Structure formats: structure tokens, C-alpha cells
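# Fold and contact review
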Amino acid sequence: MRTIYWENCIKMIDQTRLPDELFILEIHDVDELISAIQRLSIRGAPALEAAGGYGVALACREKSFGRLEDFKNYVKERAEKLAKARPTAVNLVVGVERVLKKVIEASSIEEAKNSALEEAERIAEEDIVRNKLMGGFGAKLIEDGDGILTICNTGSLATVEWGTALGVIRSAKLEGKNVRVFACETRPLNQGSRLTTWELLNDGIDVTLITDSMAGIVMRKGFVDKVIVGADRIVRDGVFNKIGTYTLAVLAKEHGIPFFVAAPLTTFDWEKEMKDVVIEERRDDELKYCHMKCMNCRIAPENVKVFNPAFDATPLEYVTALITEKGVIFPPYDRDVPKVLKKL
Ligand code: MRU
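Residue numbers run consecutively from 1 along every chain, following the written order of its sequence. For this predicted model, a pLDDT threshold of at least 70 governs which residues receive local features, and a threshold of 80 or more governs which side-chain atom pairs are given and counted, while totals over whole chains, interfaces and linings are taken from all residues. Side-chain numbers come from the whole structure's heavy atoms, not from hydrogens or water.

## A short note on the overall build of the protein chain
To keep it simple, the criterion reads: Each helix is a run of H or I in the DSSP string that is no shorter than four residues. Each strand is a run of E no shorter than two, and both are numbered from the N terminus. We compute the radius of gyration over the C-alpha atoms and compare it with the globule rule, which gives 2.2 Å times the number of residues raised to the power 0.38. Relative accessible area decides the class of each residue, using a 1.4 Å probe on protein chains only: under 20% of the type maximum gives buried, over 50% gives exposed, and in between gives partly exposed. The contact rule is simple, with two residues in contact once any of their heavy atoms fall within 4.5 Å.
Looking only at helices and strands, the protein chain features 11 helices and 13 strands. Its C-alpha radius of gyration of 20 Å places the protein chain within 12% of the 20 Å reference for a compact globule of 344 residues. For the protein chain, the spread of C-alpha atoms along the principal axes amounts to about 70 × 50 × 40 Å. Counting all 344 residues of the protein chain, 56% fall into the buried class. Expressed as a percentage of contacts within the protein chain between residues at least 6 apart in sequence, the contacts between residues at least 24 apart total 75%.

Structure representation (C-alpha cells):
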């Protein structure tokens, strides 16, 4: 199942409609793409990298220009706006910058349009390949019969295809290992209950839905052998991922359960530290209403104060290993991550 692709415009699965409806959304300009990203029709760090790339290709086709310089200035301005659509996942910026570089290097408008689209397609194809590689490396860490706890959605829907943390689970299943997955519902936007359970049920993988606050009891009962999560940005002292990930890491440590992070190397932003990264804060309606689809169902007093960060940061000392497309990296990360990044 491919989450995002190009067919005269950007086509993507509208993730806000799942699990009820598999609807393909057509995006014709960068402003539409920005609002699709902000309302989470497309989401997940690697899927945002592909969206960023295709978005610049789209910007190249929005208007007609006579002069190459005017065209380049326009695309640059659109790309800058797109890169800021969501602040935490570094992959959106990576996808935008990679395709924008092709536009800047081009010596004609036609060349820019063609090479932008070619580069965006390359980003999408590379994502599929690296997820399968990551899956293969990560699957070696999983044993037959393992109970695996995960949060958010890190599957095909969060990437172009296959997935990061869910990709590891898929690869383990392909190797004949039976696993039981515990999917945290991932309040407030329920990527776990709406998307992860949908993907795993489609694949015939044993999945049990829990609320985020049930993670402790399932660990204490001995149901969980490993925690595997994805990442939106990995800096030199921590991992940014969906809100609730830090809680899972602390709980895993308390229960002696390995805590793995699966992410491509484009999610690493090794020059930065946790203090340098902006955590997106979202609308208070997401907490005050039962679900964004049910805006007539308020579950909190209208005037209550709300704190709604979409992500948190887990210090690297909680992470047992980082699963990447170049292999599994164990601590000490400050020694080994730079070596792996050089091979990018
Ligand atoms: O707000 P979202 O749904 O975009 O958050 C996504 C996550 O936190 C994922 O875990 C992360 O992007 C890794 S996806 C392969």
C-alpha cells in the first residue's frame, strides 16, 4: 500500500478518514499540501519527507514564468513556507531542501521542473528500500512469540511504504516469527487506534489496542518483551517522537524491557541537542472534544486550560539500540552514530 505518489498532482491516502474509508486525496498546490500536513491527512516523518519533495515539484508547476530567476525565487519562497508546515520532524525539511537544490542548480525552467519531479520520485523510492533494509536488521532483534509494545503509527502510512517500527514487525512476521503487538491508542489524535491497528489487522498480525495509560499494567503483567517506536528527529542527546514515547521509555527501563527506536538516517539531526528543537503544540480542541471528527461531543469544560504538545523527547540513555537502514547501532551513540552517518 503506497501512501503518497505522483499522478499529474500529488495523490495521498487521506489518513484523517481511516479506518472508515480509504480515500485518495488529490493535492494541486502547495497551500493545499500545507493544510493536508497540518490536519494530518499525511503524517509520519518519512511520509513528510516524500511530501516535502513532491511539494517542491508541485511548486514548480503552480505558475508560468518567463525568467528563470523569477521562477526560482517563487519556488524558493513556496519551499520555505512548506518546510515550516510542522516544526518537529526534520524529514520534511530534508525532503524540501533536497528537491529545492535541484531547482536551484537547473539552467532552464523546463530542466528544473523535470529534475525536481525526478528527485521527489527518488526520495519516495529510496524510502521504500530503506524501510525494508531497516526491517531486515530490526527483525533480527525479535524472537518468535515476542510481545511488542508500540505507539503512534509507524507503518506504511507513516512512510511511503512498509514502515519503520511497524516495518520491523512486518519483516519479523515475514521471517516466520509470530508476534503479539500492543498498540497504544495515542491520544489525542489516535494514530495508534485508527491507523496502526488497521494496518496490522490488514496484515493478519496479532494486535491488541490499549489506552496510553495501560502501558504500565501490560508491562507489569509480563505481556511486553520489547518496545519499538519510530522517531521524528534524533539529536545527539535524545529522540523526538509522538507524545507518550518518553513515558514508555521510562516504564520500559523500570521493567527491564529493551526499548528500540527504528528510523532512517534522514531522521538524524546530530548537530543539534534536545534544547534546540521546537516541539509542536496543537489546538486545545484536540483534548476538549472526544475526537476531531466529533466536534459536537465535548469531553472537558469549554474554558479549561490545555497543554497539547504533539511530541516529547526521550534522552538517549533510555534507548537500547537505534535501528537504521545501515544496521543496528548500540551505545555508545556519540562514538558510533557519526561513523554510520558518514556512510549516508
Ligand atoms: O503527529 P504524527 O502522527 O506525524 O507523529 C508521527 C510520529 O510520532 C511517528 O512515530 C514518527 O513520525 C515516526 S513514523 C515512521
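From this point, the discussion proceeds with the structure in view.
## Observations regarding the domain arrangement of the protein chain
Convention followed: Domain delimitation follows an automatic or database domain assignment. When two parts are put together, the accessible area they lose, computed with a 1.4 Å probe and summed over both, is reported as buried area. Whenever a carboxyl oxygen of Asp or Glu lies within 4 Å of a side-chain nitrogen of Lys or Arg, that contact is scored as a salt bridge. Polar contact is defined as a pair of N or O atoms within 3.5 Å, subject to the rule that within protein one atom must be able to donate a hydrogen and the other to accept it, and that residues adjacent in sequence are counted only when both atoms are side-chain atoms. The classification used treats Ala, Val, Leu, Ile, Met, Phe, Trp, Tyr, Cys and Pro as nonpolar, Asp, Glu, Lys and Arg as charged, and all other residues, Gly among them, as polar.
What the domain assignment lists for the protein chain is domain 1 (4–132) and domain 2 (142–341). Between the C-alpha centres of domain 1 and domain 2 there is a distance of 25 Å. Residue-level contacts link 32 residues of domain 1 with 34 residues of domain 2. Regarding the contact of domain 1 and domain 2, the summed buried area is about 2700 Å², with carbon and sulfur atoms giving 56% of it. Considering only the surface of domain 1 that becomes buried against domain 2, R43, T88 and N131 emerge as the three largest contributors, covering 22% of it. Here domain 1 is connected to domain 2 by 1 salt bridge. Note that R86 is salt-bridged to E280, the shortest N-O span being 2.8 Å. At the boundary of domain 1 with domain 2, the tally comes to 19 residue pairs in polar contact (both at pLDDT 80 or more). At the level of elements, α2 (45–59), α4 (91–105) and α5 (109–139) are the ones that each hand at least two residues to the side of domain 1 that touches domain 2. Of the residues contributing to the side of domain 1 that touches domain 2, the split by class is 16 nonpolar, 7 polar and 9 charged.

## Brief notes about the sheet that holds strand β8 (residues 233–235)
Short version of the rule: Strand pairing is assigned whenever DSSP detects at least two bridges linking the two strands. Note on geometry: axes are C-alpha line fits, over the in-contact stretch for helices, and angles between N-to-C directions span 0 to 180 degrees.
Spatially, the 3 strands line up as an open sheet ordered β8-β9-β11, and their pairing is antiparallel. The open sheet has two edge strands, β8 and β11 (311–315), and neither has a second partner. Here the average twist between neighbouring strands, direction ignored, is 25°. Where β8 lies against strand β9 (residues 238–242), 3 bridges are found, and the strand directions are antiparallel. Pairing of I234 across the sheet is with V239, part of β9. The strands touched by helix α9 (residues 245–254) are β9 and β11; relative to β11, the strand with the most contacts, the crossing angle is about 30°.

## Things to note about the pairing of strand β4 (residues 147–150)
Heads up, the condition is: Handedness of a crossover is defined as follows: orient the strands so they point away from the viewer, and if the path from the first strand over the helix to the second runs clockwise, the crossover is right-handed.
Along β4, one buried face is formed by G147 and L149 and the opposite face, lined by I148 and T150, is buried too. Pairing analysis gives 4 bridges linking β4 to strand β5 (residues 180–184), with the strands arranged parallel. Opposite I148, over in β5, you have V181 as the bridge partner. Handedness of the β-α-β unit built from β4, helix α6 (residues 165–174) and β5 comes out right-handed. Bridge count for β4 against strand β7 (residues 226–229) is 2 bridges, and the pairing is parallel. Within β7, the position partnered with I148 by the bridge is K226.

## Examining the sheet that holds strand β2 (residues 10–13)
One key point about sheets: their strands pair by backbone hydrogen bonds, in either a parallel or an antiparallel sense. Reading across the sheet, the 3 strands line up as β1-β2-β3 and stay open at both edges, with antiparallel pairing between neighbours. Strands at the two margins of the open sheet, each flanked by one partner only, are β1 (4–6) and β3 (24–27). Averaged over all adjacent pairs, the angle separating strand axes in this sheet is 25°, with direction ignored. Strand direction decides the pairing type here: β1 and β2, joined by 3 bridges, are antiparallel.

## Quick word on the side chain of T324
Note that T324 resides in strand β12 (residues 321–324). From its side chain, T324 meets the backbone nitrogen of K326 in a polar contact 3.0 Å long. Here the side chain of T324 touches G327 through a polar contact of 2.8 Å, landing on its backbone oxygen. If near-sequence neighbours (up to four positions away) are discounted, T324 is found in contact with M134, F137, A263, L265, F268, I329 and V340.

## What about α4?
How we decide: Helices are assigned an expected span. That span is 1.5 Å times one less than the residue count. The directions considered for the arc run from the helix axis to the C-beta atoms.
Between its first and last C-alpha, α4 extends 21 Å over 15 residues, near the 21 Å set by a 1.5 Å rise per residue. Within the span of α4, buried status applies to N91, L92, G95, V96, V99, L100 and V103. Seen end-on, α4 carries its buried residues on one side only, within an arc spanning 165°. Opposite the buried face of α4, by more than 90 degrees, sit the exposed residues E97 and K101. Those residues of α4 that are buried lie in contact with α1 (30–38), α2, α3 (68–83) and α5.

## A word on the nonpolar core
Where a protein is soluble and globular, its nonpolar side chains tend to be buried together. Note the following rule: Put simply, a nonpolar core is a bunch of buried Ala, Val, Leu, Ile, Met, Phe, Trp, Tyr and Cys residues held in one set by side-chain atoms that sit within 4.5 Å of each other.
Counting 46 residues, the largest nonpolar core has I4, I10, M12, I37 and V75 as its most contacted members. Elements supplying a minimum of two residues to this core: β1, β2, β3, α1, α2, α3, α4 and α5. The greatest single-element share of this core, amounting to 10 residues, is contributed by α2.

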